[in-house]
Amino acid sequence: MTHVEDELISQPECWARAASQAAHHAKALPSPGERVAIVGCGTSYFMARAAAALREGAGQGETDAFAASEFPHGRRYDRVVALTRSGTTTEVLDLLGRLKGAIRTTAITADPDTPVRAAAGELAVLDFADERSVVQTRFATTALTLLRAHLGLHPDAAVTDARTALTEPLPEGLVECGQFTFLGRGWTVGLADEAGLKMREAALAWAEAYPAMEYRHGPISVSTRGTATWMLGEAPDGLAEQVRDTGALWIAGRLDPLAELVRVQRLAVAVAASRGLDSDSPRHLTRSVILAP
């Protein structure tokens, strides 16, 4: 079993533990009414987008999400939350250092014994969700689960659905597809982007992601026999039929959207194995991007 396989199957337990710790971390996480930016890089950026949409949609305050390198320093925020598995990513550390003393900052990390301890004002540590694999699975989803629970939006069914996602067979013919499109709505647009990234990282697959309503505005033209379109969350009316009419395989999101992402992680590992790839060591990638001064 690869590291990524071992880590992704532990997600139900990690989510349950993170949800149980939400009250413990409450003082380090955004309070209702605060104007908040959530930042990250790569997978963490996509989780930031999902969390921001959830928080603002819940009426808890204006919430934006940015890649750490693209933070708009001309805007005013009450708090910036950084998601960083390693605690060593250069863009995140540079941003936190620049904000120190001016804006309240919190880092959600798997490793507190890293430079992020000095860079961030407060820490929420999820060390039980740390990973050996380059490809992120459980840390990202556990961090989002912590934020969902903090917002009062973590459903008990999510953990149950994650277990289902780990045990149900993948749809027949899915692994053999040559192109994958992932769709989301609202907070699940970030999950769709992460699903596409997982396929590219782990399996070198042709994968794209879009807001579901945008799919008709051009991207549906790539859908045909031998491709797959996967909806994370509830699909717009009529879209499933349109996709099936192209000849593409339609995958409906029946589970909690975060559990659907677990199914995608399994798919990425399966496609990598079918292509003879090492999903733990994607080409050109490292566990953390650390740039020379």
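Scroll up a little and you will see the structure.
To keep things clear, this report deals only with the structure shown in the data block. On a predicted model such as this, the values are computed, not experimentally measured, just so you know.

A separate point is the pattern of salt bridges. Across all of its chains, the model carries 15 salt bridges by this definition. The salt bridge involving R75 is made with D64; its shortest N-O contact spans 3.4 Å. Taken together, the residues span a long stretch of sequence, with R75 in the loop between strand 2 (63-67) and strand 3 (79-84) and D64 in strand 2 at a distance of 11 residues. Judged by its relative accessible area of 39%, R75 is partly exposed. The class for D64 is buried, based on a relative accessible area of 15%. Measuring nitrogen to oxygen at the nearest pair gives 2.8 Å for the salt bridge that ties R104 to E122. Within this pair, whereas R104 is found in strand 4 (residues 104-109), its partner E122 is found in strand 5 (residues 122-125), the two being separated by 18 residues in sequence. By relative accessible area, R104 is classed as partly exposed at 41%. Residues joined in a network through salt bridges with shared partners are E34, R79, R104 and E122.

It is worth spelling out the environment of E241 at this point. By the secondary structure assignment, E241 is in helix 9 (residues 239-246). For E241, a relative accessible area of 46% puts it in the partly exposed group. Between the C-alpha atoms of E241 and D6, which are 235 residues apart in sequence, the distance is 36 Å.

Counting 68 residues, the largest nonpolar core has I108, L144, F180, F182, L191 and M199 as the members making the most contacts within it. The leading source of residues in this core is helix 10 (residues 257-274), at 10 residues. Beyond its immediate sequence surroundings of up to four residues, F182 is in contact with A192, A195, G196, M199, A207, E208, A209, Y210, W230, L232 and V264. A37, V92, L93 and A107 belong to the second largest nonpolar core, which has 18 residues in total.

Taken as a whole, helix 7 (residues 157-167) has its buried residues at A158, V159, D161, A162, A165 and L166. Relative to the axis of helix 7, the buried residues are bounded by an arc of 160 degrees and lie together on one face. Those residues of helix 7 that are buried are in contact with helix 1 (3-8), helix 2 (11-20), helix 6 (138-150) and helix 10.

In spatial order, the strands read 7-6-8-9; together these four strands make up an open sheet with parallel pairing. Either end of the sheet is taken by a strand with one partner, and the two such strands are strand 7 (206-211) and strand 9 (249-251). Geometrically, the sheet is characterised by an average inter-axis angle of 20 degrees between neighbouring strands, direction not taken into account. Two elements, strand 6 (residues 179-184) and strand 8 (residues 227-232), share six bridges in a ladder whose sense is parallel. Counted as the bridge partner of G184 is L232 from strand 8.

This part is about the sheet that holds strand 1 (residues 36-40). Reading across from one edge, 2-1-3-4-5 is the order of the five strands in this open sheet, with parallel pairing throughout. Whereas interior strands pair on both sides, the edge strands pair on one side only; in this sheet they are strand 2 and strand 5. Mean inter-strand twist for the sheet, computed between neighbouring axes without regard to direction, equals 20 degrees. Contacts from helix 3 (residues 43-57) reach strand 1, strand 2 and strand 3, with the element oriented near 170 degrees to strand 2. Each of strand 1, strand 3 and strand 4 touches helix 4 (residues 90-99); the most contacted strand, strand 3, lies at about 160 degrees to it.

Procedures and definitions
- For every chain, the first residue of the written sequence is number 1, and numbering continues from 1 along that sequence.
- Residues qualify for local features only when their pLDDT is at least 70, as the model is predicted, and side-chain atom pairs are given and counted only at 80 or more; totals for whole chains, interfaces and linings, by contrast, use all residues.
- Processing note: side-chain calculations cover all non-hydrogen atoms of the structure and skip hydrogens and water entirely.
- Whenever Lys or Arg places a side-chain nitrogen within 4 Å of a carboxyl oxygen from Asp or Glu, that contact is recorded as a salt bridge.
- Each helix is a run of H or I in the DSSP string that is no shorter than four residues. Each strand is a run of E no shorter than two, and both are numbered from the N terminus.
- Only protein chains enter the area calculation, which uses a 1.4 Å probe; residues under 20% of their type maximum are buried, those over 50% are exposed, and those in between are partly exposed.
- We call a set of buried Ala, Val, Leu, Ile, Met, Phe, Trp, Tyr and Cys residues a nonpolar core when their side-chain atoms join them within 4.5 Å.
- In this description, contact between two residues means that some pair of their heavy atoms is separated by no more than 4.5 Å.
- The arc in question is traced by the directions running from the helix axis to the C-beta atoms.
- When DSSP finds two or more bridges between a pair of strands, those strands are recorded as paired.
- Axis definition: a line fitted to C-alpha atoms, limited for helices to the stretch in contact. Angles are taken between N-to-C directions and run from 0 to 180 degrees.

These results come straight from atomic positions and should not be treated as a statement about function.
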